[in-house]
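The chain contents come next:
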Amino acid sequence: MKLPKSTIRDTGTQQKIILLLFAIIIGLFIIGELISPGFSSFKHFKDVVRTVSFVGVSAVGQTLVILTGGIDLTIGSLITMGQIFGCLFVKGDDANLLWAFLSILVLGGIFGIISGVGVSYLKISPLVMTLAVSSLVDGVTLLVINGAPKGVASPILEKLGAGMTWGLPTMMWIWIGISIITIVFLRKTIIGRQIYYVGTNVTAAKFSGIKINKVRVLVYVLSGICSALTGLLLAGNTSRAFLDIGKEYTMWTITAVVIGGTSMAGGSGGYLGTAAGAFIIITLEGLLTVVNIPEAGRKIAMGLIILIMIMIYYRRDRR
Amino acid sequence: MFERRRNLLIYLPVYIVAVSIYLIAGILQPRFLSWNNNVNLFTRIVPLLLAGIAQMFVLLTGGIDLSVGSVIGLTNVVAALLPFVDTGWNIVLWLIIPPMIGLAIGLCNGFIISRWEFPPFIVTLATNTVWSGFALLIMDVPGGKISMNLYRAITGKLFSLIPVPLILIMAIISITYLILRHTVFGRSIYALGGNKNIARESGIRVERIEVATYAMSGLFASFAGMYLSVIMISGDPLVGEPYVMNSIAVAVIGGVALSGGRGGVQGILGAAYIFYLIDNILNLLGVSTFYQYVAKGLIIILALAITSREKGLPLRIKAK
């Protein structure tokens, strides 16, 4: 893929971007309240936050992968898999939950390994490799359930996905926890820094002794695990399994990362921006739904928003 | 001569994979080799071939075009809504309006990308969303009509012998080959994909060529949209969705490097063939849909591993 000439590098700009993003979120809620009273009510806010949390958890993986200069298109399929297998394995009984949790995460990790090995060791372009793996995941999911989703979520899982803790959605606390871990991981740990180096300059990273292929496999594995976890938690939210529930998530996570100011070429950006990006897209979707704009209008608006964000982020390189 | 040998190394693996799948299928299910089944295959690969070529123009310069899908959707809808009386000016309008839309969208993408040096992936991702929104705006549920004469003309046989889609495939391949290999524009595309700075130094108008490749992409995608509207005899705003990623997959399996400068139309026919061969065989063998997904994923990964190392074959060392 073509490397853009101008990328966002210094932390000063990064902080400005995040301030801008949070200003946009607040702006959206104010506009929402003006158009349709009750939009910014605490009740509706809780609904928005819950949906954002699901997107946010899966976007952790997308952020890590994009930071290394790759892209992960398996997220949607893995979320569907996690959600369907969640219901299938748990069968409405809390006793099965731990076992289901572990096996779904391991499955997500295995598909991550397949994508990662293809991208790093076989040198297949991430776009096509993860596309092929997502077809594989869809197939495996349909094969196991034989085309018809079965099973239901258990009480604990439902509490995690749809319940409340301390007056706010439990899902939000899970998301906050995962966000903090991700931000600390990216900023403070050696592997976290190595992810940035691989994205910035592969050759330089190689010569400074970073095991590039291992870092690349790792980010796909982490992404697979995040998506599978999102799927399992979504099972708690919906209680029953649906086909295609994760379909939108691949695009949502990419859009969240892009709006969050992470460079598609890799090497710059971070999770805080992505989290804000996820907030913006879900709030905007909600806002457009409230004012009864059909799907066509929502798509046009979403595309224009991305274009405007690019205009802000990638100003022409002044030479 | 060197170039020829290198080309052979790029395109040979695709055709080895395609021919072996074809032969295995023939052994497993002799019905597969029948003339009718092959004509059916020709009819079905045309849109994917066109979408793959659209994508190829942009990939060769090191860009990417995710708006292929929405251009197909939009032109498909427009083609199905235009007056379907196929006489005189009506048919001329039908033949001109959708390609103009594709061309305009492509020019618009190319302008945004080359004027401000924005990353093509995100720009076309955004424009894809916008134009698919417009397609839904024009037609929210599948509908519209296409003249039956057009349908008969496209699916018919020339001199009641040669199927028209086969002629279309030959024409598309040879025109694209001529553009790429024997025009200044085509050679400039490769120069640009090889090294943008050197291309600029040697007097190529880099920005113009870049815009032109996106325009070509829009144009070929609109042909795919029109073709689809004819063989479905109606329009569907969502018909283009799978083509976004499939066009990239086809180009990459066909030997086009995502980093630019390597590949050509020769491999894309083979790759599009592989795509539909897989579907076709699995259907003829009566494999259940669920296994088809798995098999398709596995075969594509395998084909990718054989044909499309991002760095190319070890013959050519290219700095990342």
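Residues numbered from 1 in each chain as written. Chains lettered and ligands numbered in written order. Predicted model: local features only at pLDDT ≥ 70, side-chain atom pairs only at ≥ 80, totals over all residues. Heavy atoms only, no water.

Enquirer: I keep staring at the overall build of chain A and nothing clicks. Help me out?
Expert: Across its full length, chain A carries 13 helices and two strands. For chain A, whose C-alpha radius of gyration is 19 Å, the value lies close to the compact-globule estimate of 20 Å for 319 residues. Considered along the principal axes of its C-alpha atoms, chain A spans approximately 60 × 50 × 35 Å. In chain A, which comprises 319 residues, the share counted as buried stands at 56%. Expressed as a percentage of contacts within chain A between residues at least 6 apart in sequence, the contacts between residues at least 24 apart total 77%. Carbon and sulfur atoms make up 68% of the accessible area of chain A, which totals about 13000 Å². One way to put it: in chain A the 26 positive side-chain charges average out to a point 13 Å from where the 13 negative ones average out. (Helix = DSSP H or I, 4+ residues; strand = E, 2+ residues; numbered from the N terminus. Rg over C-alpha atoms; globule rule 2.2 N^0.38 Å. Buried < 20%, exposed > 50% of the residue type's maximum accessible area, 1.4 Å probe, protein only. Contact = heavy atoms within 4.5 Å. Areas by Shrake-Rupley, 256 points an atom, 1.4 Å probe, with all protein chains shown as cover. Lys, Arg positive; Asp, Glu negative; His and termini not counted. Charge placed at Lys NZ, Arg CZ, Asp CG, Glu CD.)

Enquirer: Would you mind going over the interface of chain A and chain B with me for this structure?
Expert: As a measure of interface size, the accessible area lost when the parts come together is often cited. Contacts between the two partners involve 45 residues from chain A and, on the opposite side, 46 residues from chain B. When the two sides are added together, the surface that chain A and chain B hide from each other amounts to roughly 4400 Å², 77% of it contributed by carbon and sulfur. Ionic pairing is found between A:Lys299 and B:Glu241, a salt bridge with its closest N-O pair at 3.9 Å. Summed over the shared surface of chain A and chain B, the number is zero residue pairs in polar contact (both at pLDDT 80 or more). Put simply, the parts of the chain that give the side of chain A that touches chain B at least two residues each are helix H5 (126–145), helix H11 (249–259) and helix H13 (295–313) of chain A. For the side of chain A that touches chain B, the element with the most residues is H5(A), which contributes 13 residues. (Buried area = accessible area lost by both parts, 1.4 Å probe. Salt bridge = Lys/Arg side-chain N within 4 Å of Asp/Glu carboxyl O. Polar contact = N/O pair within 3.5 Å; in protein donor to acceptor, adjacent residues only side chain to side chain.)

Enquirer: Looking at this structure, I do not really get the environment of B:Met170. What am I missing?
Expert: All names here are of chain B. Looking at the element boundaries, Met170 is found in helix H7 (residues 164–182). Residue class for Met170 comes out exposed when judged on its relative accessible area of 52%. Separated by 129 residues in the primary sequence, Met170 and Leu41 place their C-alpha atoms 14 Å from one another.

Enquirer: I'm lost on the pattern of salt bridges in this one. Help?
Expert: It is possible for side chains bearing opposite charge to pair when their charged atoms get close. Residue and element names in this part refer to chain A. If you walk through the whole model with that rule in mind, you get four salt bridges over all chains. The residue Glu285 makes a salt bridge to Arg298 at a minimum N-O spacing of 3.8 Å. With Glu285 in helix H12 (residues 271–290) and Arg298 in helix H13, the pair connects residues that are 13 residues apart, well separated along the chain. For Glu285, a relative accessible area of 22% puts it in the partly exposed group. Its relative accessible area of 22% is what places Arg298 among the partly exposed residues.

Enquirer: Can you walk me through unusual backbone geometry in this structure?
Expert: Residues apart from glycine generally show negative phi values, whereas peptide bonds are mostly found in trans. With a phi angle near 50°, A:Trp166 is a residue other than glycine that sits in the positive phi range. Of note in this structure, B:Ile233 is not a glycine but carries a positive phi near 55°. Tracing the sequence through the fold places B:Ile233 in the loop between helix H10 (206–232) and helix H11 (241–253).

Enquirer: What's the story with the nonpolar core in this structure? I'm lost.
Expert: Nonpolar side chains tend to gather and get buried jointly when the protein is soluble and globular. Residue and element names in this part refer to chain B. In this structure, Ile53, Met56, Phe57, Ile72, Phe121 and Ile248 are the most contacted members of the largest nonpolar core, which totals 195 residues. The dominant element in this core, judged by the number of residues it contributes, is helix H2 (residues 35–60), at 15 residues. Setting aside chain neighbours within four positions, we find Met56 in contact with Thr176, Leu180, Val256, Gly264, Val265 and Ile268. (Core = buried A, V, L, I, M, F, W, Y, C linked by side-chain atoms within 4.5 Å.)

Enquirer: I'm lost on helix H2 (residues 42–67) of chain A in this one. Help?
Expert: An α-helical turn contains 3.6 residues, so a residue and the one three or four places further along point in the same direction. All names here are of chain A. The largest bend in H2 amounts to roughly 30° and is located at Ala59. Among the 26 residues of H2, 20 are classified as buried, and the element is accordingly described as predominantly covered. In the stretch just after H2, Gly69 is the one whose phi turns positive, near 90°. (Bend = angle between axes of the 7 residues up to and from the residue.)

Enquirer: Quick question: what am I supposed to make of the packing of H13(A) against helix H5 (residues 120–138) of chain B here?
Expert: The relative placement of two packed helices is expressed as an angle between their axes plus a distance between the axes. Where H13(A) meets H5(B), the axes come as close as 7 Å, and the angle between the chain directions of the two elements is 160°. As summarised for this structure, H13(A) and H5(B) are arranged roughly antiparallel, according to the angle between their axes. Like other packed secondary-structure pairs, H13(A) and H5(B) cross with a definite hand, here left-handed. Contacts between H13(A) and H5(B) pair A:Glu295, A:Ala296, A:Lys299, A:Ile300, A:Met302, A:Gly303, A:Leu304, A:Ile306, A:Leu307 and A:Ile310 from the former with B:Ile122, B:Val123, B:Ala126, B:Thr127, B:Thr129, B:Val130, B:Ser132, B:Gly133, B:Phe134, B:Leu136 and B:Leu137 from the latter. When its residues are assigned to classes, the contact of H13(A) with H5(B) shows 14 nonpolar, five polar and two charged. (Axes fitted to C-alpha atoms, helices over the stretch in contact; angles between N-to-C directions. Parallel < 35°, antiparallel > 145°, perpendicular 65-115°, else oblique. Left-handed = near helix turned anticlockwise from the far one by under 90°. Nonpolar A, V, L, I, M, F, W, Y, C, P; charged D, E, K, R; others polar.)

Enquirer: What should I look at first to understand the side chain of A:Thr253 in this one?
Expert: Residues and elements named next belong to chain A. Here Thr253 is to be found in helix H11. At a separation of 3.2 Å, a polar atom in the side chain of Thr253 contacts the side chain of Gln62. One polar contact links the side chain of Thr253 to the main-chain carbonyl oxygen of Thr250, over a distance of 2.8 Å. Sequence-distant contacts of Thr253, that is, excluding residues within four places in its chain, are made with Val55, Ser58, Ala59, Gln62 and Ile75.

Enquirer: So what exactly am I meant to see when it comes to the packing of helix H6 (residues 155–162) of chain A against helix H10 (residues 212–238) of chain A here?
Expert: Residue and element names in this part refer to chain A. At a minimum axis distance of 7 Å, the contact between H6 and H10 shows a crossing angle of 95°. Taken together, H6 and H10 sit at an angle that is classed as roughly perpendicular. Counted together, Leu157, Glu158, Leu160, Gly161 and Ala162 of H6 and Leu232, Leu233, Ala235, Gly236 and Asn237 of H10 form the full contact between these two elements. When the residues that make up the contact of H6 with H10 are grouped by side-chain class, the tally is six nonpolar, three polar and one charged.

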